[in-house]
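Examining the three-dimensional arrangement
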Amino acid sequence: MDNFKDVNDNLGHSAGDELLTTIAGRLRDTVCPADILARLGGDEFAVLIEDSDGRDAGAFAQHLLQRIRQPVRLASRDVHCTASIGVATGNSRDITAEELLRNADLAMYAAKRQGRNAYALFEPAMYASVIGEAQRRLEIEHALAHEQFVVHYQPVVDLRTRQLIGVEALVRWRHPARGLLGPQEFIDNTEVSGLIIPLGRWVLQQACQQLSRWQQSRGEHTFTMNVNLSARQFQYPGLVSDVRQAIEQAGIDAHCLTLELTESILLDDVDAAIETLQTLRQLGVRLAIDDFGTGYSSLNYLKRLQVDILKIDRTFISYVATDADDKALVEAVVNMARALRLRTVAEGIETDDQREMLRLLGCDHGQGFLFGRPAGPTPSPRCSTPRPRHIRPAPPEPPAVLASTRLVRAVAAGAAERRRATAADVRQDRVDRRLAVRPSLLAAPPLIGRDITSNRRPDEADGPCISIARRLGVSPASLLRAAGVPVAADQPARLRVITAVAAASREMPLSAASRRSSR
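No experiment lies behind these values; they were computed from the predicted model shown. (Residues numbered from 1 in each chain as written. Predicted model: local features only at pLDDT ≥ 70, side-chain atom pairs only at ≥ 80, totals over all residues. Heavy atoms only, no water.)

**Considering the overall build of the protein**
Using the following cut-off: Each helix is a run of H or I in the DSSP string that is no shorter than four residues. Each strand is a run of E no shorter than two, and both are numbered from the N terminus. Residue burial is assigned from relative accessible area. The probe radius is 1.4 Å, only protein chains are included, and a residue is buried under 20% of its type maximum, exposed over 50%, and partly exposed in between. Residues are treated as being in contact if the distance between any of their heavy atoms lies within 4.5 Å. Accessibility throughout is a Shrake-Rupley quantity obtained with a 1.4 Å probe, and a residue counts as covered only by protein chains that appear here.
Of regular secondary structure, the protein possesses 23 helices and 15 strands. For the protein, the residues scored as buried account for 41% of the 519 residues in total. Within the protein, contacts between residues at least 6 apart in sequence are counted, and of these 63% link residues at least 24 apart. Accessible area for the protein stands at about 27600 Å²; split by element, carbon and sulfur atoms hold 50% of it.

Right, here's the structure in full:
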């Protein structure tokens, strides 16, 4: 029977006994007199057909499922129940009774894995699969006992400042024969076997202890650690106790620990999830929804769950810089999170373009191969934050503002200065008109230090200066003088002003009078 435990839990054991009696009566009415019907124990029945008499086993199993699905009246309500059936065939010359029951049992569990309310015919591969699972369970138990698992850490970076703010703990298996294995090689097996509980507890303890060592070495206690929880862990009654013990043993602040859960885990039983989350929040830990956008997202549940962080799945990040739909989706998630006072973390960032687009969209934090691959612990946590070649950090504001003010004053000198100008000054006047901009635009951080004509950094070569001047139709020297910067001045400082002027001039179209004068 499928989910028979729910009947006992919700309606009581008397209702459960009544349900079993009703189902047994239906099975008795369905089988032939020569067949043997037995209850093996609990909610499990078996039918032995010694003479099939031309009956098809699959069709017979389907007929049994239809009879079982009919509603049963229990405690003044109709209860709909289903079953999973395994079918095995053989003869006494080739197979024993124990082997026949074992094969049927394996087929039944295969039907449950297919989604329940179904039947499955035994295949030899099922036995091989079970043997393989049993062997992997033994290997995992051996790995836990002999400390073959290791924890690697991937950087989490502030997208605005590019500063390392924390790491995510990721478990790996250092297999003696197969080398370093990722979680996809063993997590599913540990989840099914229940070994995820001791493994997850060990990962949590290791991560908290490593966080304590890093905080002491860095001299700061705001560095954070993210740890993933599986569905089996979240449902484990001792989870809160494990988290509390790991925090106390490591001597860290609870708010520096973030526990990550997927949407599907939280939505399996929302009421129970809310209760567990509230208990965890009372400890002081932060909570994050991992892979947000890939499950059954619900704004109502998001409000009720009271989490702190949304981690945007990598499937939306891969093309965020090139695909308008992905960009719109990410922007919507970021704006929604901001409205709910949640932080956002983008997963799977691999390129500078992705990082810059996410920063512009307002995403708070990011992680991915761009900042560093998962690696073992080091004396001090590190991340690789390569500075994009087409982006230069904004210079200190006061020099830029002063240079902008000099330029505006030169432009505002007006007609009196231009009437006294020489032929060279007339050419300079033409530059001034083309560069008529507002100080606020010149001082705006996005316009300062950005080269709009080349992917090179401004301090790498004279090329950007020449190309900007060519675009404006003036000489580089005239452009420099218009900005109030000596021609022989330091190259980076000079080009910051030039680039700001060019960017601002392109943002503001010239007036008709200015265009005529420029001609």
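On we go.
**Quick word on helix H11 (residues 270-283)**
Note the threshold: By this rule, a helix spans an expected 1.5 Å times one less than how many residues it contains.
Taking 1.5 Å per residue as the helical rise, H11 with its 14 residues ought to reach 20 Å, and the 20 Å between its terminal C-alpha atoms agrees with that figure. Inspection of H11 places Val270, Ala273, Ile274, Thr276, Leu277 and Leu280 among the buried residues, and these make up the whole buried set. Buried positions along H11 lie against helix H8 (231-235), helix H9 (239-250), strand S11 (257-262), helix H10 (263-268), strand S12 (286-292) and helix H12 (299-305). Taken from the residues just after H11, Gly284 is the one with a positive phi, measuring 105°.

**Notes on the side chain of Lys311**
The criterion, for reference: In protein, a polar contact means a hydrogen-donor-capable atom and an acceptor-capable atom, both N or O and within 3.5 Å, with residues adjacent in sequence counting only if both atoms are side-chain atoms; elsewhere, any N or O pair within 3.5 Å suffices.
Inspection of the secondary structure puts Lys311 in strand S13 (residues 309-312). In this structure the side chain of Lys311 is engaged in a polar contact, spanning 2.8 Å, whose partner is the side chain of Glu260. Leave out the neighbours within four places in its chain, and Lys311 touches Glu168, Asn226, Glu260, Ala288, Ile289, Asp290, Asp291, Phe292, Val345, Glu347 and Gln367.

**Some thoughts on the environment of Tyr319**
Topologically, Tyr319 is positioned in the loop between helix H13 (314-317) and helix H14 (324-339). Residue classification places Tyr319 among the exposed positions, given a relative accessible area of 52%. When the C-alpha positions of Tyr319 and Asp353 are compared, they lie 9.7 Å apart, and in sequence the two are 34 residues distant.

**A short note on the pattern of salt bridges**
What counts here: We define a salt bridge as a contact between a side-chain nitrogen of Lys or Arg and a carboxyl oxygen of Asp or Glu at a distance within 4 Å.
Tallying each qualifying case throughout the model produces 15 salt bridges. Salt-bridge contacts for Lys112 lead to Asp2; the nearest nitrogen and oxygen are separated by 3.2 Å. Highlighted residues: Lys112 in helix H4 (residues 97-113) and Asp2 in the segment before helix H1 (4-11), separated in sequence by 110 residues. Glu185 is the partner of Arg178 in a salt bridge, and the nearest nitrogen-oxygen pair spans 3.0 Å. By relative accessible area, Glu185 is classed as partly exposed at 37%.

**Observations regarding the confidence of the model for the protein**
Note: predicted coordinates in regions of low pLDDT should not be interpreted at a detailed level. What counts is decided by this rule: pLDDT is defined as a per-residue confidence score from the predictor, taking values between 0 and 100.
Here the protein averages 78 in pLDDT, while 72% of its residues score no lower than 70. Every residue in residues 434-463 is under pLDDT 50, and counting partners more than four places away or in other chains gives 78 contacts. Low confidence marks residues 488-519, where pLDDT is under 50. Its contacts with residues over four positions away, or in another chain, come to 59 contacts.

**Regarding the packing of aromatic side chains**
Inclusion rule: Classification of ring pairs rests on two measures: the distance between centres of Phe, Tyr or Trp rings, Trp counted by its six-membered ring, which must be within 6.5 Å, and the angle between planes, read as stacked under 30 degrees, edge-to-face over 60 and tilted in between. Consider the ring centre and the ring normal. A charge sits over the ring if Lys NZ or Arg CZ is within 6 Å of that centre and within 35 degrees of that normal.
Under the defined criterion, the tally for this structure stands at five aromatic pairs. Taken together, a centroid distance of 5.1 Å and an interplanar angle of 75° make the contact between Tyr153 and Trp214 edge-to-face. Taken together, the residues span a long stretch of sequence, with Tyr153 in strand S7 (residues 149-158) and Trp214 in helix H7 (residues 196-218) at a distance of 61 residues. Using a relative accessible area of 2% as the deciding quantity, one classes Trp214 as buried. Relative to Phe223, the ring of Trp214 has its centre 6.1 Å away and its plane inclined at 85°; by these criteria the two rings are edge-to-face. Exposure class is identical for Trp214 and Phe223. Each is buried. Among the aromatic residues, those joined into a cluster by ring pairs are Phe149, Trp173 and Phe186. Between the NZ or CZ atom of Arg373 and the centre of the ring of Phe369, over which it lies, the distance is 3.9 Å.

**Considering H4**
Taking 1.5 Å as the rise per residue, H4 with 17 residues should run 24 Å; its terminal C-alpha atoms sit 25 Å apart, in good agreement. Within the sequence span of H4, burial applies to Asn103, Ala104, Leu106, Ala107, Met108, Ala110 and Ala111. Against strand S2 (44-48), strand S5 (84-87), strand S6 (118-121) and helix H5 (124-145) lie the buried residues of H4.

**A word on the environment of Glu147**
Residue placement: Glu147 occurs in the loop between H5 and S7. Using a relative accessible area of 67% as the deciding quantity, one classes Glu147 as exposed. Separated by 26 residues in sequence, Glu147 and Trp173 place their C-alpha atoms 9.3 Å apart.

**Thoughts on the environment of Glu133**
Relative to the helices and strands, Glu133 resides in helix H5. Glu133 gets classed as partly exposed once you look at its relative accessible area, which sits at 32%. Each C-alpha atom, one on Glu133 and one on Asn189, is 7.2 Å from the other, the two residues being 56 residues apart in sequence.

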